[in-house]
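# Examination of the molecular architecture
So you can see what is in the structure, the chains are spelled out below.
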Amino acid sequence: MATDKLVAMRIFRRVAELGSFTRAADDLDITAATVSKHIAFLEQDIDTRLINRTTRRMNLTDAGLVFLKRTQALLDELEDAELEARGIQAEPRGTIRINVPMSFGLTHITEAIDSFLSRYPDIDIDLQLSDRMVDLVEQGVDIAIRVRSALSDSSLLARPLRKSRNIVCASPQYLERAPEIRSPADLARHNCLMFTLHDRPRIWELGGEEVTVNGNLRIDSSLAIRQSLLRGIGVGLLPRFLVQQDIESGSLVPLLQDFPPNGYTVFALFPPGRKQPVKVRMLLDHLDQHLGDKPYWE
């Protein structure tokens, strides 16, 4: 394989992952003209258009999507081969792209990534904090962390990391002035804060039964719901990993513990059909170790 073609493949991969010739040029510390030259060379070499581009936007063609998937796998394999050839003592290098829910990322993942980068300074981390699922292949994501009761996309490779549950809670200030909550049915008389990214925000599953809740605040961020709960706005259903420390400090009070919500799993997801590069497996093992055998929220 010619060196120029390999360079062009690496540039194409970065353009596809960043969605921009200019951003790819900045990221690779080359000119936009150089990026265009290599993409043109690659398209001419394989006699196929890979990217449709106008003055305002670009997107991969169907052939470009297929080529990106193969390119990512090939470059990852090459990187692993180079690492093994340099010997077991060689330090891993390169970029890892990880997509994590905002709340879990800020409370647990960023600290783990900081310690990972301190240990492996030649690795770059592109961390995307978002509660919305992305296309792992199209966005070039190596690891996506998702908190789910079950996975809807069976084509993705998955590794369960930890299990946990949500919990119903409210602040002492709110509970002082609100009706008593002894059963899920009592929630009908309360201002329940709803997480709009749930499939059914108004349906809370408690003790194996579904309860319809109502409230005057709907939010697409569990972190924002936590802040509103701490200010005494209402009752919330949030992950234990997000509020356990607030519960232990007395800032929030656990409710309806005899009616536990359904459990969920923290999954690590990977693009289908791709072997995880060494650096990705090392990061995943580091995250696993960071969470511990029994996370504090359990």
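Worth saying up front: this structure is predicted, and the values here are computed from it rather than measured. (Residues numbered from 1 in each chain as written. Predicted model: local features only at pLDDT ≥ 70, side-chain atom pairs only at ≥ 80, totals over all residues. Heavy atoms only, no water.)

## Notes on the layout of surface pockets
For clarity, the threshold we go by: In this analysis the probe radius is 1.4 Å and the grid spacing 1 Å, with only protein atoms considered; a cavity is a set of points the probe fits into but cannot get out of, a pocket is an open set with protein on both sides within 12 Å along at least five of seven lines, and lining residues have an atom within 4 Å of a point. Grid points are joined across faces, edges and corners, and a volume is the space filled by probe spheres set on the points. In DSSP terms, a helix is any run of H or I states spanning at least four residues, a strand is any run of E spanning at least two, and both are numbered starting from the N terminus. Each residue is assigned to one of three groups, with Ala, Val, Leu, Ile, Met, Phe, Trp, Tyr, Cys and Pro labelled nonpolar, Asp, Glu, Lys and Arg labelled charged, and all others, Gly among them, labelled polar.
Here the second largest pocket defines a volume of roughly 470 Å³. Taken together, 20 residues form the lining of the second largest pocket, with Arg14, Glu79, Gly94, Thr95 and Arg97 sitting closest to its centre. Elements that contribute at least two residues to the lining of the second largest pocket include exactly helix H1 (3-18), helix H2 (21-28), helix H4 (62-86), strand S3 (94-100) and strand S4 (123-129). Residue composition of the lining of the second largest pocket, grouped by class: three nonpolar, two polar and 15 charged.

## Remarks on the pattern of salt bridges
Using the following cut-off: We define a salt bridge as a side-chain nitrogen of Lys or Arg found within 4 Å of a carboxyl oxygen belonging to Asp or Glu. We call a residue buried when its accessible area falls under 20% of the maximum for its residue type, exposed when it is over 50%, and partly exposed in between, using a 1.4 Å probe and counting protein chains only.
Counted by the stated rule, this structure contains nine salt bridges. In this structure, Arg14 and Asp126 form a salt bridge, with 3.9 Å as the shortest nitrogen-oxygen distance. Of the two residues, Arg14 is situated in helix H1 and Asp126 in strand S4; the sequence distance between them amounts to 112 residues. Residue classification places Arg14 among the buried residues on the basis of a relative accessible area of 8%. Under the relative-accessibility criterion, Asp126 is labelled partly exposed at 24%.

## Quick word on the side chain of Asp246
Note the following rule: Contacts between residues were defined by any pair of non-hydrogen atoms, one from each residue, lying within 4.5 Å.
Inspection of the secondary structure puts Asp246 in helix H9 (residues 240-249). When neighbours within four sequence positions are excluded, Asp246 is seen to be in contact with Arg226, Leu230, Ser251 and Leu252.

## Observations regarding unusual backbone geometry
The phi torsion at Asp29 lies on the positive side, around 60 degrees, for a residue other than glycine. The topology assignment puts Asp29 in the loop between H2 and helix H3 (32-46). By relative accessible area, Asp29 is classed as exposed at 70%. Residue Leu256 is not a glycine yet carries a positive backbone phi of 55 degrees. When you line up the elements, Leu256 lands in the loop between strand S12 (253-255) and strand S13 (263-270). With relative accessibility at 9%, the residue Leu256 sits in the buried group.

## What about the nonpolar core?
Put simply, the test is: Grouping buried Ala, Val, Leu, Ile, Met, Phe, Trp, Tyr and Cys residues that are joined through side-chain atoms within 4.5 Å yields what is termed a nonpolar core.
Formed by 36 residues in total, the largest nonpolar core has its most connected members in Ile98, Phe104, Ile143, Ile145 and Val243. Residue contacts for Ile145: discarding those within four places in its chain leaves Ile98, Asn99, Val100, Pro101, Phe104, Leu161, Val266, Phe267 and Ala268. Within the second largest apolar cluster, 19 residues are counted, among which are Val15, Ala16, Ala25 and Leu60.

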